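Structural characterization, general
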Amino acid sequence: MRGLTDDSPFTEFLTTGARQISEPRINERIRVPEVRLVGPQGEQVGVVRIEDALRLATESDLDLVEVAPQAKPPVCKLMDFGKYKYEAAVKARESRKNQSTTVLKEVRFRLKIDDHDYNTKVGHARRFLEAGDKVKAMIQFRGREQQRPEMGVRLLQRFSQDVADLGAVESSPRQDGRHMVMVIGPLKTKAEAKAAAKNQAKKEEPSEADATAEAPKVKNERRSRKNAERLPTEKKDATPLSNSMADYLPDELKNL
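An unreviewed UniProt entry lists the chain under the name Translation initiation factor IF-3, with Nesterenkonia sandarakina given as the organism. The record in UniProt for the chain states the following under Subunit (unreviewed entry): "Monomer." On record in UniProt, under Function (unreviewed entry), the comment for the chain is "IF-3 binds to the 30S ribosomal subunit and shifts the equilibrium between 70S ribosomes and their 50S and 30S subunits in favor of the free subunits, thus enhancing the availability of 30S subunits on which protein synthesis initiation begins."

Below, the structure is given as structure tokens:
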């Protein structure tokens, strides 16, 4: 394999095992006589010699980064390259987190399905469509049922009507051997479904003011409950104690 040098058109290739990472050329790796320089705040400095651009970068304690290598002359910007790479990695991570991939979920029916099982399947499909996923409805034919495809079409049409508020038919019913398939796509995208779920969760959560107002009430209720459950310590029928020994003598001795 031919080796890669710093004089490649505009990109330096760093190879780690079988993986290649491309980065823009910076500082001394920029091998052109002059560049169009952009300041750290986006101000246009103009076309300068590469030596002057590197000197300005050193004096500013910044890096000279080639941002538009295909321009003539190439465009370079003064920036903190380490900070730039960190912010770019954070943005890439956030974009991957917000990415939503539509999944094709499958719901299977029998031609002679009872109402309870049918409603259960419809509930599953509605949950999938609400989450922004596609639903593949499949009917499995048994034996001579393959000779009655119109019954399968009617069942799938009924199914599409029951989920029409959440999805639309993308692929009409078609028979392939012992199976008949129809695909329904969601009316909301995955991202819209997630946003709607978040908003719903926020509405259901009590506000901080309500939680603060409810806290004393809950404490008072708990305290009242504990006091009600506490056993009385005083006996109503208990005889009060006396400090006189005569009170404890039999009646015969009291009259002597």
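Glancing now at the overall build of the chain. Each helix and strand counted, the chain has seven helices and ten strands in total. Contacts in the chain between residues far apart in sequence, at least 24 positions, make up 53% of those at least 6 positions apart. On the chain, roughly 19400 Å² of surface is accessible, and the fraction owed to carbon and sulfur atoms is 50%.

With that settled, the discussion passes to helix H3 (residues 115–130). In this model, H3 (16 residues) spans 22 Å end to end at C-alpha, consistent with the 22 Å of a helix rising 1.5 Å per residue. Listing the buried residues of H3 in full gives Tyr-118, Val-122, Ala-125, Phe-128 and Leu-129. For H3, the buried positions fall inside an angular range of 120 degrees around the axis, keeping them on one side. Structurally, H3 contributes buried residues whose contacts are with strand S7 (104–110), strand S8 (134–140), helix H4 (149–162), strand S9 (167–176) and strand S10 (179–186). Two to three positions downstream of the cap, the backbone nitrogen of His-116 sits 3.3 Å from a side-chain oxygen, assigning the N-cap of H3 to Asp-114.

Taken in spatial order, the four strands line up as S7-S8-S10-S9 in an open sheet, and their pairing is mixed. Strands at the two margins of the open sheet, each flanked by one partner only, are S7 and S9. The average angle at which neighbouring strand axes cross in this sheet is 20 degrees, direction not considered. By the bridge criterion, six bridges tie S8 to S10 in an arrangement that is antiparallel. By the bridge assignment, Val-135 is partnered in S10 with Ile-184. The strands touched by H3 are S7, S8, S9 and S10; relative to S7, the strand with the most contacts, the crossing angle is about 170 degrees.

Once that is clear, we can look at the pattern of salt bridges. Across all of its chains, the model carries eleven salt bridges by this definition. Close ionic contact of Arg-49 with Asp-52 constitutes a salt bridge, the shortest N to O distance being 3.5 Å. For Asp-52, a relative accessible area of 23% puts it in the partly exposed group. Asp-115 is paired through a salt bridge with Arg-158; the nearest N and O atoms lie 4.0 Å apart. A residue pair is termed long-range when its members are at least 10 positions apart, and Asp-115 in helix H3 and Arg-158 in helix H4 qualify at 43 residues.

A few words now on the pairing of strand S5 (residues 63–68). In this sheet, strand S6 (residues 75–79) lies alongside S5 in antiparallel orientation, the contact comprising five bridges. In the sheet register, Asp-63 faces S6, and the bridge partner there is Met-79. The antiparallel hairpin formed by S5 and S6 contains six residues in its connecting segment.

Attention shifts here to unusual backbone geometry. At the junction of Lys-72 and Pro-73, the peptide bond is cis and its omega measures out at -5 degrees in the coordinates. Along the chain, the position of Pro-73 falls in the loop between S5 and S6. Although it is not a glycine, Asn-27 adopts a positive phi angle of roughly 50 degrees. Here Asn-27 shows up in the loop between strand S2 (19–24) and strand S3 (34–38).

Take the confidence of the model for the chain next. The pLDDT averaged across the chain works out to 78; a share of 72% of its residues lies at or above 70. Every residue in residues 1–21 is under pLDDT 50, and counting partners more than four places away or in other chains gives 29 contacts.

The next thing to look at is helix H1 (residues 50–59). Within the sequence span of H1, burial applies to Ile-50, Ala-53 and Ala-57. Around the axis of H1, the buried residues are gathered within 60 degrees of arc, so they sit on the same side. Every exposed residue of H1 that faces more than 90 degrees away from the buried side is listed here: Thr-58 and Glu-59. Elements that come into contact with the buried residues of H1 comprise S3, strand S4 (44–49), S5 and S6. Just beyond H1, the residue with positive phi is Asp-61, at close to 55 degrees.

The rules behind each value
- Residues numbered from 1 in each chain as written.
- Predicted model: local features only at pLDDT ≥ 70, side-chain atom pairs only at ≥ 80, totals over all residues.
- Heavy atoms only, no water.
- UniProt positions renumbered as here; feature names shortened; annotations may be inferred.
- Helix = DSSP H or I, 4+ residues; strand = E, 2+ residues; numbered from the N terminus.
- Contact = heavy atoms within 4.5 Å.
- Areas by Shrake-Rupley, 256 points an atom, 1.4 Å probe, with all protein chains shown as cover.
- Expected span 1.5 Å × (residues − 1).
- Buried < 20%, exposed > 50% of the residue type's maximum accessible area, 1.4 Å probe, protein only.
- Arc of directions from axis to C-beta.
- Polar contact = N/O pair within 3.5 Å; in protein donor to acceptor, adjacent residues only side chain to side chain.
- Pairing = 2+ DSSP bridges.
- Axes fitted to C-alpha atoms, helices over the stretch in contact; angles between N-to-C directions.
- Salt bridge = Lys/Arg side-chain N within 4 Å of Asp/Glu carboxyl O.
- pLDDT = per-residue confidence, 0-100.

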